[in-house]
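# Coordinate analysis (summary)
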Amino acid sequence: MFVSVWDWQVEIDDALVAESPDEIRQQVGGYAAGERRSFDLTVDYPDSFTGRVMAAMADVPRGETRTYGDIADELDTAPIAVGQACGRNPVPLVVPCHRIVGANGLGGYSGGRGERLGLKKRLLDLESD
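### Brief notes about the packing of helix H3 (residues 68–75) against helix H4 (residues 79–87)
- Direction vectors running N to C along H3 and H4 enclose 105 degrees, while the axes themselves pass 8 Å from each other. The angle between the axes of H3 and H4 places the two elements in the roughly perpendicular class. Across from Tyr 68, Gly 69, Ile 71 and Ala 72 in H3, the residues of H4 making contact are Pro 79, Val 82, Gly 83 and Cys 86.
- Here the residues of the contact of H3 with H4 sort into six nonpolar, two polar and no charged.

### Quick word on H4
- Within the span of H4, buried status applies to Ala 81, Val 82, Ala 85 and Cys 86. Down the axis of H4, the smallest arc covering the buried residues is 140 degrees, so these residues share one side.
- Where H4 is buried, its residues meet helix H2 (49–58), H3 and strand E4 (100–101).

### Brief notes about the packing of H2 against H4
- Direction vectors running N to C along H2 and H4 enclose 90 degrees, while the axes themselves pass 9 Å from each other. Classified by the interaxial angle, the pair formed by H2 and H4 is roughly perpendicular. Two secondary-structure elements touch here, H2 through Phe 49, Thr 50, Val 53 and Met 57 and H4 through Ala 81, Val 82, Ala 85 and Cys 86.
- Of the residues contributing to the contact of H2 with H4, the split by class is seven nonpolar, one polar and no charged.

The rules behind these values
- Residues numbered from 1 in each chain as written.
- Predicted model: local features only at pLDDT ≥ 70, side-chain atom pairs only at ≥ 80, totals over all residues.
- Heavy atoms only, no water.
- Axes fitted to C-alpha atoms, helices over the stretch in contact; angles between N-to-C directions.
- Helix = DSSP H or I, 4+ residues; strand = E, 2+ residues; numbered from the N terminus.
- Parallel < 35°, antiparallel > 145°, perpendicular 65-115°, else oblique.
- Contact = heavy atoms within 4.5 Å.
- Nonpolar A, V, L, I, M, F, W, Y, C, P; charged D, E, K, R; others polar.
- Buried < 20%, exposed > 50% of the residue type's maximum accessible area, 1.4 Å probe, protein only.
- Arc of directions from axis to C-beta.

The structure is reproduced here in structure tokens:
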């Protein structure tokens, strides 16, 4: 399913979220409008390396970031592997891969269509309030 976040469309695998697509859209809309600071959605993490990275991303508090290297150290792996797992995140925004950045910049962002780094920056700016 796709959800609108400002001028971007973000694909979320709603099969991994217990709540309905309507509930997901409602919470994402409230988040983007600044009316919601977190999501109250139940995500089923895959039983895989990507799932382990997703769980680590979910632990990063709003308004904070971690580097790919920070997560790699936590999971005893390589930063590039973490970056690749972030790129495979099937529920971006809800599981905040935008909070994972490069050591010297934003890094990449797989969420949304179009100019994705603009979306990542805007999400981080929203959360810095």
